[in-house]
Amino acid sequence: MNQPSLSDDDSPGVGTSAPAPALRLIDQLRQHIRYRHYSLRTEEAYVYWVRAFIRFHGLQHPRALGQAEIESFLTWLAAERQVSPSTHKQALSALLFLYQQVLGFKDLPWMAELGRPRRQQRLPVVLSHAEGSRLLAALPPEHALVGRLLYGTGMRLLEGLRLRVKDVDFARRVILVRDGKGGKDRVVMLPAALEGPLKAQLRAAAALHRADREAGLAGVHLPHALARKYPRAAESWAWFWVFPQATVSRDPRTPAAAGEGGRAGGERRRHHLQDQAFQRAFKRALHEARIAKPATPHTLRHSFATHLLQAGVDIRTVQELLGHSDVSTTMIYTHVLRLGSSGVRSPLDDLAAEFAPEGLPAPPAAGRWRVGDPPAAYGSRRGGGRGDHDHAQDGAGDGADDDGRLPWHLPSCRITPSCTAAAVSAS
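So, how was this worked out
Residues numbered from 1 in each chain as written. Predicted model: local features only at pLDDT ≥ 70, side-chain atom pairs only at ≥ 80, totals over all residues. Heavy atoms only, no water. Salt bridge = Lys/Arg side-chain N within 4 Å of Asp/Glu carboxyl O. Helix = DSSP H or I, 4+ residues; strand = E, 2+ residues; numbered from the N terminus. Buried < 20%, exposed > 50% of the residue type's maximum accessible area, 1.4 Å probe, protein only. Phe/Tyr/Trp six-rings, centres within 6.5 Å; stacked < 30°, edge-to-face > 60°. Arc of directions from axis to C-beta. Contact = heavy atoms within 4.5 Å. Core = buried A, V, L, I, M, F, W, Y, C linked by side-chain atoms within 4.5 Å.

Caption draft 1: Region of interest: the pattern of salt bridges. For the structure on display, the rule yields 15 salt bridges. Here Arg41 ties to Asp275 by a salt bridge, and the two come within 2.7 Å at their closest N and O atoms. In this pair, Arg41 sits in helix α2 (residues 40-56) while Asp275 sits in helix α10 (residues 275-288), placing the two residues 234 residues apart along the sequence. Assessed through its relative accessible area of 40%, Arg41 is described here as partly exposed. We classify Asp275 as buried; its relative accessible area is 6%. In this structure, the salt-bridge partner of Asp212 is Arg270, at a minimum N-O distance of 2.7 Å. Of this pair, Asp212 sits in helix α8 (residues 195-215) while Arg270 sits in strand β5 (residues 268-272), and the two are 58 residues apart along the sequence. Of the two residues, Asp212 and Arg270, neither departs from the other in class, the shared state being buried.

Next comes the structure, spelled out in C-alpha cells:
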C-alpha cells in the first residue's frame, strides 16, 4: 500500500506549489499525532516506543518488518524487561498507530491477531485523615498550596498545575477544570480554607506577569491555535498561570526564534510549575511524614474521593467531581471502603473479646500481654479453676515464648513479692 503523502494532512486552502521535501519517519509520526490533537505526553510516548522498536531490530525500516518482528519486540518487553501490562499495551498502541496511520497498513489481517495484554484492576492507595494532614504539613512552602488544592478538589496533578487565572471563580466558590483527561471540562468546589492562600498566590503571580510584560517575553501557551484567533490573549492576565514557574523556558512545539537555530526548543515563555518538581517534593514529604505507603500525587485524588464517600456524599456527585464518564470507574472507591474500618468485623476480634473477663479490656491488637502488665489477674478458662499463682508458676514452661511473654489467649498475673512467695510455698 502506498505511503500517505504529506499533502493528505494539509489543511484546505493551501496552494499546490512545489512538493514538500520528504519527511523522516519520526517527523511523519509527530505530524500525524498533532493532526489528531493528541497530547504532548502521548506524542513523547509514541516516539519513544517507535524508536525503541527500530533500534531493537537493528535500525531496519518498519516497512520491512511485520507481525513476527512486532511480536518478538513485545515478547522481549514482557519477558526480559518485565514491563507492566499497561506499559505493554502502550507500546502496542504506538506500533499500531505507526503501521495504520503513518505507513497506511490498515487492512492487514495479522494486526487483529496481535495479543493484547489484560490489565488487572488494582485497588488505589488511600491515605487516612491523619496521614494526609502530616503529608500536607511536610510539603515545602512552594508546593504546599498545590498539594492542598489537589486533595481539596480531587484534581489530577496536571489539571491543578495548568490552572489559569480566569478559571478560579471566588464569587461562586468554584474552579473550572479545562481540557482535562479526554479533553473534558468540569466544575469542582473551591475549598473555603484555600480562598485566602489562593488570593495570595495570585498576587505573587501578578508580579511575575508584570515582569514578563516589561521584559517583552512571549505570552503563555494557548491551546488550539487561540493565539492566532486572539493575538493578545497570551499576554493577558486572565490567561496567565495560577502557579507559574519561577524561571522562563522554551516551548518545544514552536520554532526557534531568529538567530537561535542551534538552541533546543522554540520561543522563550513562562511555563507553569513542573510536575516533576512537585513529584520530587511529594516523595520527600512522604518520607518526612513517615508514611509507609506507595503514595504518589494521584493518591491525593484517591483520598479525596474515598473521604467524600465516607462522609456520606452520593456516589453520583463524586463521579461528577472526578470527571468520570462511567460510574463504574468511581465504584472502585466503594471497594476500598468495604475493606476498611467501615467493613465487616473480623471473627478474630470476636474471639479475642471472648477471652476477656467482664469489666476488663480485650487483648490488644498486637496480640500479646507481657507478664507484669496490668490488669493484675485474670480468671482461668483452662479448667479446674486454677488460681493466679498456678499461672505464674506455669509461665516458664506452659506455652511461654522465649522472650518471657505469654500467648495472648493465656491469662497472666503481675509478678509481685507476695505472688512469688505463694508460688514458692505451693511448690
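Caption draft 2: Representation of the packing of aromatic side chains. Tallied over the entire structure, the rule returns ten aromatic pairs. A ring pair is formed by Tyr46 and Phe97, whose centres lie 5.6 Å apart and whose planes are at 55°; its orientation type is tilted. One end of the pair, Tyr46, is in helix α2; the other, Phe97, is in helix α4 (residues 85-102), and 51 residues separate them in sequence. Tyr46 sits in the buried class, given a relative accessible area of 13%. Relative to Phe73, the ring of Phe53 lies with its centre 5.5 Å away and its plane at 75°, an arrangement referred to as edge-to-face. Highlighted residues: Phe53 in helix α2 and Phe73 in helix α3 (residues 67-79), separated in sequence by 20 residues.

Caption draft 3: Helix α1 (residues 25-35), seen in detail. Buried within α1 are the following residues: Leu25, Ile26, Gln28, Leu29, His32 and Ile33. Projection of α1 onto a plane perpendicular to its axis shows the buried side chains occupying an angular sector of 160°, all on one side. Each element contacted by the buried residues of α1 is listed here: α2 and α4. His37 occupies a position one or two residues after α1 and carries a positive phi of about 60°.

Caption draft 4: Highlighting the environment of Gln279. Counting through the fold element by element, Gln279 comes out in helix α10. Assessed through its relative accessible area of 37%, Gln279 is described here as partly exposed. Put simply, Gln279 and His143 are 136 residues apart on the chain and 9.8 Å apart in space, counted from C-alpha to C-alpha. Setting aside chain neighbours within four positions, we find Gln279 in contact with Leu157 and Pro297.

Caption draft 5: View of the nonpolar core. Judged by nonpolar contacts, the single largest core of 41 residues is most densely connected at Leu135, Leu198 and Phe243. Elements with a contribution of two residues or more to this core: α5 (129-138), α6 (141-153), α7 (157-161), β2 (174-177), α8 and α10. No other element matches the five residues that α6 contributes to this core. Sequence-distant contacts of Leu198, that is, excluding residues within four places in its chain, are made with Leu145, Val168, Phe170, Leu190, Val242 and Phe243.

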